[in-house]
Amino acid sequence: MKLLKLGMSVAAFSAVMASSTLAMADEYKIVVLQSLTGGAAFIGKHVADGAVMAADELNEKGFFGAGNSLVYEVADDATDRTQTLSLITRLAADDKVLLVMGPTSGSVALAGANVANERAFPVLTTTNSMEVVENGPWSFILTQPADVTIPYLADFTAQTLGAKSCAIIGVKDNEAYVALQRKYEELIQAQGVSLASVDGVALADSDFSALATKIATSDQDCVFIGTPAAQAANMVIQLRQAGLDPSIPILGHNAFASPAFIEKGGAAVENVYLIGAWVPGGDDEFSQAFAANFQAKTGVSADEWHAVGYSGMQVIANAIKDAVAAGKVTREGVRDALGAQTDIPVVIGEGTYSYDEHRVPRFGMKVMQVKDGAFTVVEQ
Amino acid sequence: MLSQQILNGLVTGSVYALFSLGFTLIFGVQKLLNFAHGATFMAGAFIAYYCTISGMPFLLAIGLSMVATGVIGIVVDLVAFRPLRKRGNAEFPALVSSIGVDLVLISIAQQVSKTQVLNFPFGTFPVKFFNFLGLRISLLQIVILATVAVLVVLLIFYLKKTSFGRQVRAVATNERAAALLGVNVQSVFLQTFFIAGALAGLAGVLIGLLFNSMQFLMGEPYMLRAFVVVVIGGLGSVPGAIVASLMLGVMQSLTVAYLPSGLTDAIIFTLLFIVLLIRPNGLFGDANAVAGGTRQ
């Protein structure tokens, strides 16, 4: 009988201890709301995959202290404004959700930012559109706006390559890509480079034979392609097949910084120039570890969007940690901490991520070239 | 450049023809718009791709892909159309139902491909170019033009000269009368969907090869253009679909070459409006033209 009483006492004590431990553990809930389907899935799905990996790693490492964890849900904005508005409205009504990482692309992100600012709910959208930032204090952007990134490429075109005219091929159905293309046109024209031609394709297009023939038979000193990596690789192949002079440099923005560009372009994409926040395979210890772990976990080589998602989650985690340290684990506290993040170690750009005084993200860019089937940083 | 662009347009247009023939065949026989046709086209490319990378000889992969997309066509009929046909007045519900099947197939493809753009391994088809009268043409373009020409001739022969073709035209003309005369209408529908699916699948493989790119949304722009083709050519008209496809391919090439490429779709759809205003039944259609027959 004594033994039974002792056993029951021990069990009761253990149960009390266990429940008190659970009560002390804090969970910080966020929602990763990205375009898992629809036209921007090429960006959103990759960002979400990178973000989820980062969140899992941070929890495994006990980033928030013993027992505490970042709890996340992944949701799909479907590249659709109506679905996004509905989801953000619902999430804003859930007091446990501290922040939404998303939505993904320009117009959908802007629609999401509208609701978020109306409801005092922090959102970190993937887009680089400054309209989202200007929409109100609760909406942030994760990627650097064209004003920050494109000067790297425009200066390289005009000053390093010394081009006098350039053919432009852009995407006509994605605001973020259009913004990058327009900024590039504006900056090179300001440096005396004329536009030999300006053409647009849709994200789902794959037939560039007519366009390739047109450019291959025209005069220009360079060709700028502002499309996602796999589509750009396909376009470069068709340009080469149409007989484009191999000495004419082809340039692209940061979307090219994906292993898919080289995998799909093969020998055709040799010597192509690009800017990128992500050097595929990584260029320092942190980014190389990310590339290796991502490959091992998903079987896919990490591209720029995976790396952006991974980095974005590091920034969010640090913001939440700072809010906890300030004793203000509220939406307002997380928002304030997010805007104050500086020099957070990330796997993109120059290795650290900061928001400036205008809440514009800054992490730098590199000019690269495809050489012997690999991305190499161009020393300038 | 003009002749080169016309050649480019003819190659693209010939693949549009392959794609559009199945679409117009189904419309001709059933008076239904099958919006799952684009996803069937995409499925053809995906199946051939996964067969090829698993080590299957490419020609066998194409054959298997055509059979598989033919079967997908049959499943589309059984799942999306037949239950609605039984209830009568199926046109609008069937359109919505086929969009549903389209979205299901696209979602599956997205999951399977992990949203990646796929391309056939280098060397799947020999990369060889010929220069002829100032034109630059690849071996693949020649093979595509020849394949499409042979298939179109075979399809027309099949519809015009075989017993099954007569049954198809009989059903297209008057389904009830054909049934009373002993034609197995359900069998005609299934065979039509199989042929349409197989043609769409082959078109998907050829586009995947020609432009080195396959992704889960690849069928959508082709679906829109097929719609333009069958309306311009005349709903249900096989010759109309062929001529309109080639016209569309050439026009697309020329607008890209000589006008800002952003205007291409605007020009194509403006042409659609003009044709509809001048010839509401399309260039080759009369009010009752259906798959080579005349609907009563």
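In this text, all values refer to a predicted model and were calculated from it rather than measured experimentally.

Criteria and thresholds
Numbers given for residues are sequential positions, taken from 1 along each chain in its written order. Whichever chain is written first is A, and whichever ligand is written first is 1; the rest continue in order. Only residues with pLDDT of at least 70 are given local features in this predicted model, and only at 80 or more are side-chain atom pairs given and counted; all residues enter the totals for whole chains, interfaces and linings. To get the side-chain values, all heavy atoms of the structure are used, and hydrogens and water are removed first. Where each domain begins and ends follows an automated or database-derived domain assignment. The term buried area denotes the loss of accessible surface (1.4 Å probe radius) that occurs when two parts are joined, taken as the sum for both partners. The working definition used for a salt bridge is a side-chain nitrogen of Lys or Arg within 4 Å of a carboxyl oxygen of Asp or Glu. In protein, a polar contact means a hydrogen-donor-capable atom and an acceptor-capable atom, both N or O and within 3.5 Å, with residues adjacent in sequence counting only if both atoms are side-chain atoms; elsewhere, any N or O pair within 3.5 Å suffices. A pair of strands is treated as paired once DSSP finds two or more bridges between them. Helix and strand definitions follow DSSP, with helices as H or I runs of at least four residues and strands as E runs of at least two, each counted in order from the N terminus. Each axis is a line fitted through C-alpha atoms, and for a helix only the stretch in contact is used; angles between axes span 0 to 180 degrees, taken between their N-to-C directions. To count toward a patch, a residue needs a relative accessible area over 30% and no salt bridge; like charges are then connected within 9 Å, while nonpolar side chains (Val, Leu, Ile, Met, Phe, Trp, Tyr) are connected within 5 Å. Each accessible area is a Shrake-Rupley estimate made with a 1.4 Å probe; only the visible protein chains count as cover when residues are assessed. Counted as positive: Lys and Arg. Counted as negative: Asp and Glu. His and the chain ends are not counted at all. Think of each charge as sitting on NZ of Lys, CZ of Arg, CG of Asp or CD of Glu. Burial classification: accessible surface area is computed with a 1.4 Å probe over protein chains only, and a residue below 20% of its type maximum counts as buried, one above 50% as exposed, and the rest as partly exposed. Every residue pair with non-hydrogen atoms within 4.5 Å of one another is taken to be in contact.

### Examining the domain arrangement of chain A
All names here are of chain A. Here chain A is described as being made up of domain 1 (27-144 + 284-364) and domain 2 (146-276). Here domain 1 and domain 2 have C-alpha centroids that lie 29 Å from each other. Summing both sides of the interface, domain 1 and domain 2 together bury roughly 1200 Å²; the carbon and sulfur share of this comes to 51%. A per-residue breakdown of the area domain 1 buries against domain 2 is headed by Asn128, Gln144 and Glu304, which together make up 39% of the total. Joining domain 1 to domain 2, the criterion identifies zero salt bridges. Counting across the domain 1 and domain 2 interface gives two residue pairs in polar contact (both at pLDDT 80 or more).

### Digging into the sheet that holds strand S7 (residues 194-201) of chain A
All names here are of chain A. Within the open sheet, the seven strands sit side by side as S7-S6-S8-S9-S10-S14-S15. Their pairing is mixed. In this open sheet, the two strands that pair with only one neighbour each are S7 and strand S15 (374-377). Shown here is a sheet whose adjacent strand axes are inclined to one another by a mean of 25°, direction ignored. Sheet topology places strand S8 (residues 222-226) next to strand S9 (residues 250-252); three bridges connect them, and they run parallel.

### Brief notes about the sheet that holds strand S12 (residues 352-355) of chain A
Residues and elements named next belong to chain A. Strand order across the open sheet formed by three strands is S11-S12-S13, with antiparallel pairing between neighbours. Of all strands in the sheet, those bounded by a partner on one side alone are strand S11 (344-345) and strand S13 (361-362). Taken together, the two bridges between S11 and S12 define a ladder with antiparallel strand orientation. Across the sheet, residue isoleucine 344 finds its bridge partner in S12, namely tyrosine 353.

### What to know about a negative patch on the surface
Taken together, the side chains of Glu131, Glu134, Asp173 and Glu175 of chain A make up a negatively charged region of the molecular surface. Position of aspartate 173 of chain A among the secondary structure elements: in the loop between strand S6 (165-171) and helix H7 (175-190).

### Quick look at the side chain of arginine 85 of chain B
All names here are of chain B. Take arginine 85: it is sitting in helix H3 (residues 58-87). The class of arginine 85 is buried, set by a relative accessible area of 17%. Of the polar contacts made by the side chain of arginine 85, one reaches the side chain of glutamine 30; its length is 2.8 Å. Those residues within four positions of arginine 85 in sequence are excluded, and the remaining contacts are Gln30, Asp77, Ala90, Gln186 and Phe189.

### Thoughts on the pairing of S12 of chain A
Residue and element names in this part refer to chain A. Taking the residues between adjacent antiparallel strands as the criterion, S11 and S12 are bridged by six residues, where glycine 349 takes a positive phi near 60°. Here S12 pairs with S13 via two bridges, running antiparallel. Its bridge partner lying in S13, tyrosine 355 is registered against proline 361. What sits between S12 and S13 in their antiparallel hairpin is a turn of five residues, with arginine 359 showing a positive phi close to 60°.

### Some points on the environment of alanine 374 of chain A
All names here are of chain A. On the secondary structure map, alanine 374 appears in strand S15. Note: C-alpha distance between alanine 374 and leucine 99 (275 residues apart in sequence) is 37 Å. Filtering out sequence-adjacent residues up to four positions away, alanine 374 remains in contact with Ile262 and Gln369.

### Re the pattern of salt bridges
Residues and elements named next belong to chain A. Here the structure, examined in full by the defined rule, presents 14 salt bridges over all chains. Of the charged contacts in the structure, one is a salt bridge between glutamate 186 and lysine 183, with a shortest N-O distance of 3.3 Å. Remark: lysine 183 and glutamate 186 occur in helix H7; sequence separation between them is three residues, near one turn of the helix. Aspartate 336 is the partner of arginine 335 in a salt bridge, and the nearest nitrogen-oxygen pair spans 2.9 Å. Using a relative accessible area of 15% as the deciding quantity, one classes arginine 335 as buried. Taken together, the shared-partner salt bridges connect Lys29, Glu73 and Asp94 into one network.

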